[in-house]
Amino acid sequence: MTFFQEALRIQVALLGPNHQDVGTTFNNIGRQHVLKDHFDQALLCYENALHIRCEALGQDSVDYAATALNAGQILHQKREHDKALNLYFKFLRIVRAKFTNNHYVTDVLRSIAE
């Protein structure tokens, strides 16, 4: 985790706080928090990554979709189903437009059904 945090500090200093690489690092830090069951901290990282990726890449980018899925899964676990559904549908819209057959679509559809 300390290496990600150091990378984030350097990226922000060199590239600015809204660069797509900063968004990627926030997403990766969020994943590390998930692995430690620190879901609130993960969600904060994913929210930062979503904001940055939206600004840097747009809401139709695959990277934005991936982070939307990550955040949606955390919200699903926290039983914040309306918020999770909103992010799941954003993910589905992007992935269905970009890929014809994607196994992540079935995973998200199963999560929505639950």
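These numbers were taken from a predicted model, which means no experiment stands behind them.

### With respect to the overall build of the chain
Per the secondary structure count, the chain includes six helices and zero strands. Secondary structure elements of the chain, listed N to C terminal, follow the sequence α-α-α-α-α-α. Dimensions of the chain, computed from C-alpha atoms along their principal axes, come out at roughly 40 × 30 × 20 Å. The buried share among the 114 residues of the chain stands at 38%. A total of about 6,900 Å² of accessible surface is found on the chain, and carbon and sulfur atoms cover 52% of it. Between the centroid of the 12 positive side chains of the chain and the centroid of its 12 negative side chains there is a distance of 2 Å.

### As for the nonpolar core
Tyr 46, Leu 50, Ala 71, Ile 74, Leu 87, Phe 91 and Val 108 are the most contacted members of the largest nonpolar core, which totals 21 residues. The set of elements that each furnish at least two residues to this core consists of α3 (39-57), α4 (62-77), α5 (81-98) and α6 (103-113). Residue contacts for Ala 71: discarding those within four places in its chain leaves Leu 43, Tyr 46, Leu 50 and Leu 87.

### Comments concerning a nonpolar patch on the surface
A cluster of nonpolar side chains, namely Ile 10, Leu 14 and Leu 15, defines an oily patch on the protein surface of about 290 Å² accessible area. Locating Leu 14 in the fold gives a position in helix α1 (residues 2-15).

### Here's the deal with the packing of α4 against α5
The geometry of α4 relative to α5 is characterised by a closest axis approach of 8 Å and an angle of 155° between their N-to-C directions. When the axis of α4 is compared with that of α5, the two are roughly antiparallel. Relative to α5, α4 is oriented so that their crossing is left-handed. Facing α4, whose interface residues are Val 62, Tyr 64, Ala 65, Ala 66, Ala 68, Leu 69, Ala 71, Gly 72, Gln 73, Leu 75 and His 76, α5 presents His 81, Lys 83, Ala 84, Leu 87, Tyr 88, Lys 90, Phe 91, Ile 94, Val 95 and Lys 98. Within the contact of α4 with α5, the residues separate by chemical class into 14 nonpolar, four polar and three charged.

### Focus on the pattern of salt bridges
In the structure shown here, the tally under the stated rule is five salt bridges. Arg 9 is the salt-bridge partner of Glu 6, the closest N and O atoms lying 2.8 Å from each other. Taken together, the residues span about one helical turn, with Glu 6 and Arg 9 both in helix α1 at a distance of three residues. Judged by its relative accessible area of 36%, Glu 6 is partly exposed. Lys 78 is the salt-bridge partner of Asp 40, the closest N and O atoms lying 2.5 Å from each other. You can see Asp 40 sitting in helix α3 and its partner Lys 78 sitting in the loop between α4 and α5, a full 38 residues away along the chain. Connected through shared salt-bridge partners, Asp 40, Lys 78, Glu 80 and Lys 83 make up one network.

### As for the state of the cysteines
One covalent bond between the sulfur atoms of two cysteine residues makes up a disulfide. Under the counting rule described, the total for this entry stands at zero disulfides. Left without a disulfide partner, Cys 45 is nearest to the cysteine sulfur of Cys 54, which lies 18 Å away. Since its relative accessible area comes to 23%, Cys 54 is described here as partly exposed.

About the thresholds
- Residues numbered from 1 in each chain as written.
- Predicted model: local features only at pLDDT ≥ 70, side-chain atom pairs only at ≥ 80, totals over all residues.
- Heavy atoms only, no water.
- Helix = DSSP H or I, 4+ residues; strand = E, 2+ residues; numbered from the N terminus.
- Buried < 20%, exposed > 50% of the residue type's maximum accessible area, 1.4 Å probe, protein only.
- Areas by Shrake-Rupley, 256 points an atom, 1.4 Å probe, with all protein chains shown as cover.
- Lys, Arg positive; Asp, Glu negative; His and termini not counted.
- Charge placed at Lys NZ, Arg CZ, Asp CG, Glu CD.
- Core = buried A, V, L, I, M, F, W, Y, C linked by side-chain atoms within 4.5 Å.
- Contact = heavy atoms within 4.5 Å.
- Patch = residues over 30% accessible without salt bridge, like charges linked within 9 Å, V, L, I, M, F, W, Y side chains within 5 Å.
- Salt bridge = Lys/Arg side-chain N within 4 Å of Asp/Glu carboxyl O.
- Axes fitted to C-alpha atoms, helices over the stretch in contact; angles between N-to-C directions.
- Parallel < 35°, antiparallel > 145°, perpendicular 65-115°, else oblique.
- Left-handed = near helix turned anticlockwise from the far one by under 90°.
- Nonpolar A, V, L, I, M, F, W, Y, C, P; charged D, E, K, R; others polar.
- Disulfide = S-S within 2.5 Å.

Keep in mind that these numbers describe shape and distance, not what the molecule does.
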